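Inside the fold
Here is how the chains run, residue by residue.
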Amino acid sequence: MLKQQNNPKISDTLLDQIVNAISLSGDHEIAKLTMVIKTLRSFKQGLAVSDLALRYASEEYDQALCLSLYRALQQVNAMNRAGDVDVSVLHGLWKGKHSPCTVPN
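The sections below set out a description of the structure shown in this document.

**Quick look at the nonpolar core**
By size, the foremost hydrophobic cluster in this structure holds 22 residues, and its most contacted members are I18, I30, L69, L73 and L90. Contributing elements (two or more residues each) for this core: α1 (12–21), α2 (29–45), α3 (52–75) and α4 (87–94). What L90 contacts, discounting residues up to four positions off in sequence, is I18, A21, I30, L73, A78 and V85.

**Side note on unusual backbone geometry**
Phi at N77 takes a positive value of approximately 60 degrees, unusual for a residue other than glycine. Mapping N77 onto the fold places it in the loop between α3 and α4. Using a relative accessible area of 61% as the deciding quantity, one classes N77 as exposed.

**Some thoughts on the side chain of T34**
For T34, the position within the fold is in helix α2. A relative accessible area of 0% places T34 in the buried class. In this structure, T34 is in contact with L15, I18, V19 and L69, ignoring residues within four places of it in sequence.

**So, the packing of α2 against α3**
Viewed as axis vectors pointing N to C, α2 and α3 meet at an angle of 160 degrees, and their least axial separation amounts to 10 Å. By the angle class used here, α2 and α3 are roughly antiparallel. The two elements α2 and α3 meet at a crossing, and its hand is left-handed. Here α2 contributes I30, L33, T34, V36, I37, L40, R41, F43 and K44 to the contact with α3, which in turn contributes L54, R55, S58, E59, Y61, D62, L65, C66, S68, L69, A72 and L73. A class-by-class count of the residues in the contact of α2 with α3 yields 13 nonpolar, three polar and five charged.

What counts, and where the lines are drawn
Residues numbered from 1 in each chain as written. Predicted model: local features only at pLDDT ≥ 70, side-chain atom pairs only at ≥ 80, totals over all residues. Heavy atoms only, no water. Core = buried A, V, L, I, M, F, W, Y, C linked by side-chain atoms within 4.5 Å. Buried < 20%, exposed > 50% of the residue type's maximum accessible area, 1.4 Å probe, protein only. Helix = DSSP H or I, 4+ residues; strand = E, 2+ residues; numbered from the N terminus. Contact = heavy atoms within 4.5 Å. Axes fitted to C-alpha atoms, helices over the stretch in contact; angles between N-to-C directions. Parallel < 35°, antiparallel > 145°, perpendicular 65-115°, else oblique. Left-handed = near helix turned anticlockwise from the far one by under 90°. Nonpolar A, V, L, I, M, F, W, Y, C, P; charged D, E, K, R; others polar.

Shown next as structure tokens:
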């Protein structure tokens, strides 16, 4: 689901998986970051095609957020080598079985 290791693109499907996994707790950093990406993508869809500067800036921001989310998922060992999320690991985070991660800059 990720296009490149260096510049990951997290699909809407993967975001939906994370949202479903975090329905137990939206207070975790990964949950918050996921919702920001989903909100940004909703905003981008409403942009006029003619507003290229804003569209480009929002795409750059999306990429930066996806990289932070990817690193956070790796940090808590929720991302496997195929680029899929282990939902059971996320459920463990929300239940407090793992220490919370710090989303890298």
